[in-house]
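Overview (structure and organization)
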Amino acid sequence: MRVFIYAENLNPTQLKRRAPEHQFLFKAYLPDHTIHFPRFSSQWRCGLASITPSPGERVWGAAFELTDEDLKILDAYDGEVPEGAFRHLEVTVMTEDEQKELVTTHAANPIGKFRVKDDYLDFIKKGVKHWDLPEECLETWELFRPRK
């Protein structure tokens with residue numbers, strides 16, 4: 001299955017653990033969406049990223065081919081959220097050369113608004129850098145950094 005991944009699952013360490021047989025396909029962005037933090041992570045002790053519709057904005061990530069087993073492991077979130085906290089969506093992403101691709105992604109069933117922590121954002125940004133996503137993507141994640 002072709003899956004669009006964004007946020008902490010882009011981190012290569014986590015992706016290898018949660019989807020050991022993943023195959024990178026292409027970099028892409030999800031148009032007319034933005035990031036928000038509607039679920040709490042017991043592991044990170046802060047909000048978990050998800051997507052929500054937002055005209056004119058976009059969320060960068062990458063598409064991967066995942067096995068059915070990979071998807072089951074990925075969906076379990078290492079037990080840090082209850083089963084069903086995230087749902088699958090079919091979405092159309094845009095590749096770097098502006099080609100449309102139909103893929104599956106995940107979005108949270110929201111329960112509130114949660115703050116994020118620096119270490120969570122740093123973990124995400126390692127994945128963004130690993131997959132060489134555009135500077136725009138790094139800048140977007142940096143906007144969520146808590147102000148001291």
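First, a word on scope: everything that follows refers to the structure included in this document. (Residues numbered from 1 in each chain as written. Predicted model: local features only at pLDDT ≥ 70, side-chain atom pairs only at ≥ 80, totals over all residues. Heavy atoms only, no water.)

Looking only at helices and strands, one finds four helices and five strands in the protein. Secondary structure of the protein in N-to-C order comes out as β-α-β-β-α-β-β-α-α. Relative to its length of 148 residues, the protein is compact, with a C-alpha radius of gyration of 14 Å against a globular reference of 15 Å. With the principal axes as the frame, the protein shows a C-alpha extent of 40 × 35 × 25 Å. Looking at the protein residue by residue over its 148 residues, the buried ones come to 49%. A separation of at least 24 residues holds for 71% of the contacts in the protein among residues at least 6 apart in sequence. Total accessible area on the protein stands at roughly 7700 Å², and carbon and sulfur atoms take up 51% of it. (Helix = DSSP H or I, 4+ residues; strand = E, 2+ residues; numbered from the N terminus. Rg over C-alpha atoms; globule rule 2.2 N^0.38 Å. Buried < 20%, exposed > 50% of the residue type's maximum accessible area, 1.4 Å probe, protein only. Contact = heavy atoms within 4.5 Å. Areas by Shrake-Rupley, 256 points an atom, 1.4 Å probe, with all protein chains shown as cover.)

In this structure, Tyr 120 and Trp 141 are the most contacted members of the largest nonpolar core, which totals 48 residues. Per-element accounting of this core gives the leading share, nine residues, to strand β3 (residues 46–65). Residue contacts for Trp 141: discarding those within four places in its chain leaves Ala 7, Ile 35, Phe 37, Ala 49, Leu 121, Ile 124, Lys 125 and Val 128. (Core = buried A, V, L, I, M, F, W, Y, C linked by side-chain atoms within 4.5 Å.)

This is a description of form; function is not addressed.
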